[in-house]
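Analysis of the macromolecular model
Residue-level listing of the chains:
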Amino acid sequence: MWEAIAANRRRSLLLITLMGLILLTFGACLGIFAAVQLGGGQETVSSNVILTGGTFGTLAALLIWVALWLTAVFQGDRILLRAAGAREMSALDDGRLGNVVDEMTIAAQLPRKPRVYLVEDPSPNAFAVGRKPENAAVAVTSGLLRLLNRDELQGVVAHEIAHIHNLDVRFMTMASVLVAGVELMSRGVLRGLVHGGGGRRTGGSRKGGGLPLLVIVVVFAILAPVAVRLLYLACSRWREYLADACAARFTRYPDGLASALEKISVDTSSLRPEKTAGALAPLYIINPLEKLSLAGLFATHPPTQNRIMILRGMGGRAGYVDYEAALRKVEGQKLRLTALEAAARADESVEARGPSAEPEPREKSIERAQKVNDLLDRFANYLILPCACGIRIKVPPNLERDEISCSRCDRVHVIPHAKRVQEAIAGVAVLGQALAGAKAVEAKAAALRYERREEGWEAFRCECGQTIQLGPGFPLDYTVCVACNRRIELKAGREKNDPEVVVNPSS
Amino acid sequence: MATLLLAAVVFGGVLLVIVIWFVSMYNDLVALRNMVKNAWAQIDVQLKRRHDLIPNLVETVKGYATHEKETLENVTRARAAAVSAEGVGAQSQAEQTLSGALGRLMLVVEAYPDLKANQNFLALQEELTSTENKVGFARQAYNDSVMRFNTKIQTVPANIVAGAFNFTAEEFFEVQEEAVREAPKVSFS
């Protein structure tokens, strides 16, 4: 454990130094460039100018760094908690959460129990803030409390406590300050060049020494933020793994966290990336912006799937050694976690405990099983029609009927096909052709068309028989059938709050 | 003369480094030993908490489960024995008995749906579960820190300092039976 923290600290120091060097070099470059520009752009640049410019630039960068860092240190926790809309829990609120935090504080041997905050948010998530273990806080969303049972909540809280215990928050604050500083400077430079560069060049007096420097500055302005960000993200990811390992060790029950991660990742429908500030993302237990990240390289968290596989693959053990072995199985030898290795060396394999005595309520487990089933059916192209009597009718993709009756209440449901909508439109098109005589080509181009009836989930059949499902927030006005590759125009149904929209199928 | 001075400086430097190393090693050991002591104190705190919870629990259950006098008396007696127990061996024995009695009480409670719907009882139940967990985690933390301390004082180079200042290996909190270490399997549903 202490070995892990020590290794963590060494590596963090190295990374911080590297990032700081990038920031300062960037500042120096900028200073020299500015000095040369201001100096009148002589053919020969005296070393004096370079020296003063470089010093000033470095000092300016250092100043930005210190200023940002001080803000983060004195205001960081509060800003983060406020940005997330968290309020502190009192002893009366939820005994279970407070108790679980207590338990993990004991297991991790933290000097003090962290403050507990609640975020009113239906999406399940949690994060930790605070640079010192003596003065840290754990925030949990109300959605998480509703979704998880005691063991799972314990796993999540243990993960957050591990972040506090490993001093991750301190490091991530420092690192994110550096990222912000570099990005600030590069944005300033690029904007300055775009707006101010043209006018200066037409002046004709700037030439010679300025150009190569300009190239260096521009290259720096483009590459430095990327480099710093990559460094930052890489360590953010291995810190997640280490926190998972600690959570398993603290709770002696890796399945708790694994199960929590599964539940949370199934529940991603309620994740709202637009509501989460980008800076908060690495703090959460599951990245709320995961859908937006381009590739693994730019992810703050390791893929949740891998994390679950590792935790599930610990084979009834809960030590660092066991986590490391499972990690190697999933990630291969390529990933090296110095801190974890150090922890594993000093540790023995420990046995995991069984689940605690609180089983999942029956209704909840049924609901969860149903969700998983729905997901599978959707992949198998089944169409799900919810009937008013509460039954969910599953229509197989090859059923050649237009209507189906409910097996419980005999209500007749129309199976939505894209075909019939298309026929109706074709009819209108023929009418339009007779009237105008010219729009036939266009009507044929829009061969398939589907009018959305509601705003929620809905499904329809393409002409080729493929079932197509649309989500509540489907943004496009067309979709492409995966089976026959045809384009299907979508038309929004009448919205409740906007009755004036008149649907005109021929337009 | 100059050579002698140089030798003295080098010797002094090496000595200084050794002393600093010795001091930091000693401080590390003291810190580790204090962690062990803290962890032990934490177990005590949690056991006390459990003792404090039991009278409340017994009172609440009494109001509903009128036919379970004997079970309740067993719990009360086991608690009294645990509170007055002296020494690690006797204490862990008494706690074990208490855990058993509590486990039986919780089984009996299953037969009283009114009691299980009582908010006060539910809160107590959560407190009890949590306290049992805390006892378990405190014990786990204690054993972890004992292991760390013992490994440290038995391995080179810290064993030199440990030997010189009489740091001796601490004992693990071993539990005779599964029942105590696992913190009784109380079914709460």
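Residues numbered from 1 in each chain as written. Chains lettered and ligands numbered in written order. Predicted model: local features only at pLDDT ≥ 70, side-chain atom pairs only at ≥ 80, totals over all residues. Heavy atoms only, no water.

1. Here we look at the overall build of chain A
The helix and strand inventory of chain A stands at 14 helices and 13 strands. Sequence-distant contacts, at least 24 apart, represent 65% of the contacts inside chain A between residues at least 6 apart. In the form shown here, chain A has an accessible surface area of approximately 25800 Å², with 59% of it arising from carbon and sulfur atoms. (Helix = DSSP H or I, 4+ residues; strand = E, 2+ residues; numbered from the N terminus. Contact = heavy atoms within 4.5 Å. Areas by Shrake-Rupley, 256 points an atom, 1.4 Å probe, with all protein chains shown as cover.)

2. Remarks on the overall build of chain B
Each helix and strand counted, chain B has seven helices and zero strands in total. Listing every helix and strand of chain B by position from the N terminus yields α-α-α-α-α-α-α. A buried classification covers 41% of the 189 residues belonging to chain B. Look at the contacts in chain B between residues 6 or more apart in sequence, and 77% of them connect residues 24 or more apart. Total accessible area on chain B is roughly 10500 Å²; 60% of this is exposed by carbon and sulfur atoms. (Buried < 20%, exposed > 50% of the residue type's maximum accessible area, 1.4 Å probe, protein only.)

3. A word on helix α5 (residues 119–154) of chain B
Across its 36 residues, α5 of chain B extends 52 Å between first and last C-alpha, which sits within 8% of the 52 Å expected from 1.5 Å per residue. Measuring from the backbone nitrogen of N120 of chain B back to the side-chain oxygen at the start of α5 of chain B gives 2.7 Å, which picks out N118 of chain B as the cap. (Expected span 1.5 Å × (residues − 1). Polar contact = N/O pair within 3.5 Å; in protein donor to acceptor, adjacent residues only side chain to side chain.)

4. Thoughts on the packing of aromatic side chains
Residue and element names in this part refer to chain B. Across all of its chains, the model carries seven aromatic pairs over all chains by this definition. On the basis of an interplanar angle of 55 degrees and a centroid distance of 6.1 Å, the ring pair of W21 and F22 is categorised as tilted. Taking relative accessible area as the criterion, W21 reaches 33% and is therefore assigned partly exposed. Three or more aromatic residues link up through ring pairs in this structure, and these residues are W21, F22, Y26, F149, F165 and F167. (Phe/Tyr/Trp six-rings, centres within 6.5 Å; stacked < 30°, edge-to-face > 60°.)

5. Examining the sheet that holds strand β4 (residues 137–141) of chain A
Residues and elements named next belong to chain A. Taken in spatial order, the four strands line up as β1-β2-β4-β3 in an open sheet, and their pairing is mixed. Looking at which strands have only one partner, the edges of the open sheet turn out to be β1 (86–88) and β3 (126–129). On average, each strand axis in the sheet is tilted by 30 degrees relative to the strand beside it, whichever way the strands run. Taken together, the five bridges between strand β2 (residues 115–119) and β4 define a ladder with parallel strand orientation. The residue bridging V116 from the neighbouring strand is V138, located in β4. Against the sheet, helix α5 (residues 150–165) contacts β3 and β4, and its axis sits at roughly 20 degrees relative to β3. (Pairing = 2+ DSSP bridges. Axes fitted to C-alpha atoms, helices over the stretch in contact; angles between N-to-C directions.)

6. A few points about the sheet that holds strand β13 (residues 487–491) of chain A
Residues and elements named next belong to chain A. The strand order β9-β13-β12 describes an open sheet built from three strands, whose pairing is mixed. Where the open sheet ends on each side, the last strands, each with one partner, are β9 (448–451) and β12 (478–480). Recorded for the sheet is a direction-independent mean angle of 30 degrees between the axes of neighbouring strands. One ladder, built from four bridges, connects β9 with β13; its direction is parallel. Bridging across to β13, R449 finds its partner in E489.

7. Quick notes on unusual backbone geometry
The peptide bond linking V156 of chain B to P157 of chain B adopts the cis configuration, its omega dihedral lying at 5 degrees. The backbone of Q109 of chain A shows a phi angle near 55 degrees, a positive value even though the residue is not glycine. Tracing the backbone through its elements, the reader meets Q109 of chain A in the loop between α3 (95–108) and β2. Phi at N166 of chain B takes a positive value of approximately 60 degrees, unusual for a residue other than glycine.

8. Here's the deal with helix α2 (residues 69–84) of chain B
Residues and elements named next belong to chain B. When the terminal C-alpha atoms of α2 are compared, their 23 Å separation across 16 residues agrees well with the 22 Å that a helix rising 1.5 Å per residue should span. For α2, the set of buried residues is T71, L72, V75, A78 and A82. End-on, the buried residues of α2 take up no more than an arc of 125 degrees, which puts them together on one face. In α2, those exposed residues whose orientation departs by more than 90 degrees from the buried face are K69, E70, R77 and S84. (Arc of directions from axis to C-beta.)

9. Thoughts on the packing of helix α9 (residues 304–312) of chain A against helix α10 (residues 320–331) of chain A
All names here are of chain A. Packing of α9 against α10 brings their axes to within 8 Å, and their N-to-C directions diverge by 135 degrees. On the basis of the axis angle, α9 is oblique to α10. Along this stretch, α9 crosses α10, giving a crossing that reads as right-handed. Taking contact as the criterion, the partners of N306, M309, I310 and L311 in α9 are, on α10, Y323, A326, L327, V330 and E331. The residue inventory of the contact of α9 with α10, partitioned by class, reads seven nonpolar, one polar and one charged. (Parallel < 35°, antiparallel > 145°, perpendicular 65-115°, else oblique. Left-handed = near helix turned anticlockwise from the far one by under 90°. Nonpolar A, V, L, I, M, F, W, Y, C, P; charged D, E, K, R; others polar.)

10. Focus: the pattern of salt bridges
Counted by the stated rule, this structure contains 17 salt bridges over all chains. Put simply, K134 of chain B and D102 of chain A hold a salt bridge, and the shortest N to O gap is 3.4 Å. With K134 of chain B in helix α5 and D102 of chain A in helix α3, this residue pair bridges two chains. Here K134 of chain B falls in the buried class, since its relative accessible area comes to 3%. Exposure remark for D102 of chain A: the relative accessible area of 24% places this residue in the partly exposed category. Of the charged contacts in the structure, one is a salt bridge between R252 of chain A and D144 of chain B, with a shortest N-O distance of 3.5 Å. Of this pair, R252 of chain A sits in the loop between α7 (210–251) and α8 (254–266) while D144 of chain B sits in helix α5, placing the two residues on different chains. (Salt bridge = Lys/Arg side-chain N within 4 Å of Asp/Glu carboxyl O.)

11. Let's talk about the confidence of the model for chain A
Residue and element names in this part refer to chain A. The predicted model of chain A averages 72 in pLDDT, with 65% of residues at 70 or higher. Per-element confidence in chain A is highest for α5, whose mean pLDDT is 91, and lowest for helix α14 (residues 440–445), whose mean pLDDT is 44. Note on residues 495–507: pLDDT is under 50 here. Beyond four places in sequence and across chains, it has twelve contacts. (pLDDT = per-residue confidence, 0-100.)

12. Some remarks on the environment of C389 of chain A
Relative to the helices and strands, C389 of chain A resides in the loop between β5 (383–386) and β6 (392–395). Residues within four places of C389 of chain A in sequence aside, it is in contact with C406, R408, C409 and R411 of chain A.

13. Quick word on the packing of α8 of chain A against α9 of chain A
For any two helices packed against each other, one specifies the inter-axial angle together with the distance between the axes. All names here are of chain A. Between α8 and α9, the least distance of the axes is 8 Å, while the angle of their chain directions is 155 degrees. When the axis of α8 is compared with that of α9, the two are roughly antiparallel. Along this stretch, α8 crosses α9, giving a crossing that reads as left-handed. Here P254, D255, L257, A258, S259, L261, E262 and S265 of α8 lie close against α9, whose contacting residues are T304, R307, I308, L311 and R312. A class-by-class count of the residues in the contact of α8 with α9 yields six nonpolar, three polar and four charged.

14. Structural notes on the environment of D121 of chain A
Locating D121 of chain A in the fold gives a position in the loop between β2 and β3. Along the sequence, D121 of chain A and G143 of chain A sit 22 residues apart, while their C-alpha atoms lie 5.9 Å from each other.

15. As for the pairing of β4 of chain A
Regular strands place side chains that alternate from one sheet face to the opposite one. Residue and element names in this part refer to chain A. Judged by how many residues are buried, β4 sits mostly within the fold: five of five residues are covered. Sheet topology note: the β3/β4 ladder contains four bridges and is antiparallel. Bridged to A128 within β4 is V138.

16. Structural notes on the side chain of N306 of chain A
When you line up the elements, N306 of chain A lands in helix α9. Sequence-distant contacts of N306 of chain A, that is, excluding residues within four places in its chain, are made with Y241, V330 and E331 of chain A.

17. Topic: a nonpolar patch on the surface
Residue and element names in this part refer to chain A. Where nonpolar side chains cluster on the molecular surface, the patch consists of L59, L62, V66, W69, L70 and F74 and spans about 550 Å² of accessible area. Here L70 shows up in helix α2 (residues 47–83). In this structure L70 comes out as partly exposed when scored by relative accessible area, which is 36%. (Patch = residues over 30% accessible without salt bridge, like charges linked within 9 Å, V, L, I, M, F, W, Y side chains within 5 Å.)

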